[in-house]
Amino acid sequence: MAIPDYQSLMLPVLQVAAKTETSVPLAEAEIATKFGLSDDDREQMLPSGKQRVLHNRIHWAKFYLTKAGLLESPKRGRFAITPAGQQVLANPPASLDTKYLLAIPAFRDFYRGGDDSEAVTAAAEVEPPSATPEEVVEAAYKAVHAALRADLLDRILQNSPSFFEQVIVELLVAMGYGGSHRNASEQLGKSGDGGVDGVINEDVLGLDRVYVQAKRYAPGSAVGRPEIQAFTGSLVGLGASKGVFVTTSTFSAQAVEFASRIPQRVILIDGPRLTELMVEHGVGVRSSRVLEFKRLDEDFFSED
């Protein structure tokens, strides 16, 4: 039997999670039995040869359901149904798929990956023949990119505060600050000044310095104006004019407004922006596959 696609697996994954807290390997065994998949079906690999097809599709179904708020992860590697998920099961839709999930605001915001356009949503909603290959590829890229950023943030939150500081060191060095990993590590986290976690050179020679504050907050715990005021006060006391405030969560509107009108140059980096910069500068990620698309060279065929 053909392995169901990941969207067809969403409802079965939700049903398995409704019984008890589980994991992808445990759900895989139960779903394989439900669909009558053979051992050969279960061992079928992706073209990359690095992961089984069934495992990969169950993972994506679980991941999307989690981003829609229908599943939750009580601890690493485990997932369980939420009250919202139970409500869906109480009156299941004709088709539980990406199009259905896009009606949920939290999933729609995640799926667009911060893009203000409707391109991602539109590409997911149209029938396959209506979407050009370029639209399908672009939508797929944005979905994978959004998933990667969400995974990065989850992994940062699962690690220690000292690991979070090291992430910032790696990112700042990758962006050209600090001179070297050693120099950056010596300075970040060793300032000892109230409201400042560390200081890093803005250039290799150390002609200017940037002060850093790092707050590893859980999602939903926004950094408020008082924290930004305290950080700014520390900059004033140090005679500094530049600062970077990094958090794994978000900043309140009052915090953003305050930072925009003070004389000091304070850059606010929230969780989404942090993971965006990590992907852009290759911190905590590596290339999995590179696809090269070629187009017809019109100049080659021109006889003028």
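Report on the accompanying structure. Not measured: the values here are computed from a predicted model. Residues take numbers from 1 onward in each chain, read along the sequence in its written order. Only residues with pLDDT of at least 70 get local features here, since the model is predicted, and only at 80 or more are side-chain atom pairs given and counted; chain-wide, interface and lining totals rely on the full set of residues. Side-chain measures were taken over the full set of non-hydrogen atoms in the model, leaving aside hydrogen atoms and water.

This part is about the overall build of the protein chain. Helix and strand definitions here come from DSSP, where helices need a minimum of 4 consecutive H or I residues and strands a minimum of 2 consecutive E residues; each element is numbered from the N-terminal end. If you tally the helices and strands in the protein chain, you get 15 helices and six strands. Partly exposed residues are those whose accessible area sits between 20% and 50% of the maximum for their type, while under 20% is buried and over 50% is exposed, using a 1.4 Å probe and protein chains only. Residues classed as buried in the protein chain amount to 37% of the 304 residues present. Intrachain contacts of the protein chain at a sequence separation of at least 6 include 60% that bridge at least 24 residues. Surface accessibility in these figures is a Shrake-Rupley result with a 1.4 Å probe; residues are shielded only by whichever protein chains are displayed. By element, 51% of the accessible surface of the protein chain is carried by carbon and sulfur atoms, the whole surface being about 17300 Å². Here a residue-residue contact requires only that any non-hydrogen atoms of the pair lie within 4.5 Å.

The next thing to look at is the nonpolar core. Generally speaking, a soluble globular protein has its nonpolar side chains buried in company with each other. Buried Ala, Val, Leu, Ile, Met, Phe, Trp, Tyr and Cys residues that are joined via side-chain atoms within 4.5 Å together make up what is termed a nonpolar core. One finds Y64, L65 and L101 to be the most contacted residues of the largest nonpolar core, which totals 35 residues. The element contributing the most residues to this core is helix α4 (residues 53-67), with seven residues. Here Y64 is in contact with Y6, M10, T98, L101, F107, F110, Y111 and A143, once residues within four sequence places are set aside. Ranked by size, the runner-up nonpolar core spans 18 residues in total, among them F164, V244, V246 and V283.

Here the focus is the side chain of K62. Position of K62 among the secondary structure elements: in helix α4. In summary, the charge assignment counts Lys and Arg as positive and Asp and Glu as negative, without counting His or the chain termini. Salt bridges are identified by distance alone: a Lys or Arg side-chain nitrogen within 4 Å of an Asp or Glu carboxyl oxygen. An unpaired buried charge is present at K62: no salt bridge exists, and D151, the closest side chain of opposite charge, is 6.8 Å distant.

Within the element layout of this structure, K99 appears in helix α6 (residues 98-101). Separated by 92 residues in sequence, K99 and Q7 have C-alpha atoms that sit 9.5 Å apart.

Let us now look at the environment of P272. Residue position: P272 is located in helix α14 (residues 271-280). Here P272 falls in the partly exposed class, since its relative accessible area comes to 37%.

Sheet topology note: the strand β5 (residues 242-247)/strand β6 (residues 265-269) ladder contains five bridges and is parallel. Paired with K242 across the two strands is R265, which belongs to β6. DSSP-based pairing: two strands are paired if at least 2 bridges between them are found.

A cavity, in this analysis, means grid points on a 1 Å lattice covering only the protein atoms where a 1.4 Å probe fits yet has no way out; a pocket is instead an open set bounded by protein on both sides within 12 Å along at least five of seven lines, and a residue lines either one if it has an atom within 4 Å of a point. Grid points are joined across faces, edges and corners, and a volume is the space filled by probe spheres set on the points. Of the volumes computed, that of the second largest pocket is approximately 1200 Å³. F63, K67, A150, D151 and D154 are the residues nearest the centre of the second largest pocket, which is lined by 37 residues in total. Breaking the lining of the second largest pocket down by element, the ones donating at least two residues are α4, α7 (105-112), α9 (133-158) and α14. Gly is put with the polar residues, along with every residue not named as nonpolar or charged; the nonpolar set is Ala, Val, Leu, Ile, Met, Phe, Trp, Tyr, Cys and Pro, and the charged set is Asp, Glu, Lys and Arg. Taken together, the residues of the lining of the second largest pocket break down into twelve nonpolar, 14 polar and eleven charged.

Let's shift gears to the sheet that holds β6. Spatially, the four strands line up as an open sheet ordered β3-β4-β5-β6, and their pairing is mixed. Whereas interior strands pair on both sides, the edge strands pair on one side only; in this sheet they are β3 (198-201) and β6. Strand after strand, the sheet turns through a mean of 25 degrees between neighbouring axes, direction not considered. Every axis corresponds to a line fitted to the C-alpha atoms, with the helix fit spanning only the stretch in contact, and the corresponding angles, defined between N-to-C directions, vary from 0 to 180 degrees. Packed onto the sheet, helix α10 (residues 161-174) meets β3, β4 (209-215) and β5 and runs at close to 145 degrees relative to β4.

Before going further, it helps to examine the pattern of salt bridges. For the structure shown, the criterion picks out seven salt bridges. Residues K19 and E30 are paired through a salt bridge, measuring 2.4 Å at the closest nitrogen-oxygen approach. Of this pair, K19 sits in helix α1 (residues 10-19) while E30 is found in helix α2 (residues 24-34), placing the two residues eleven residues apart along the sequence. Since its relative accessible area comes to 62%, K19 is described here as exposed. The residue R52 makes a salt bridge to E28 at a minimum N-O spacing of 3.1 Å.

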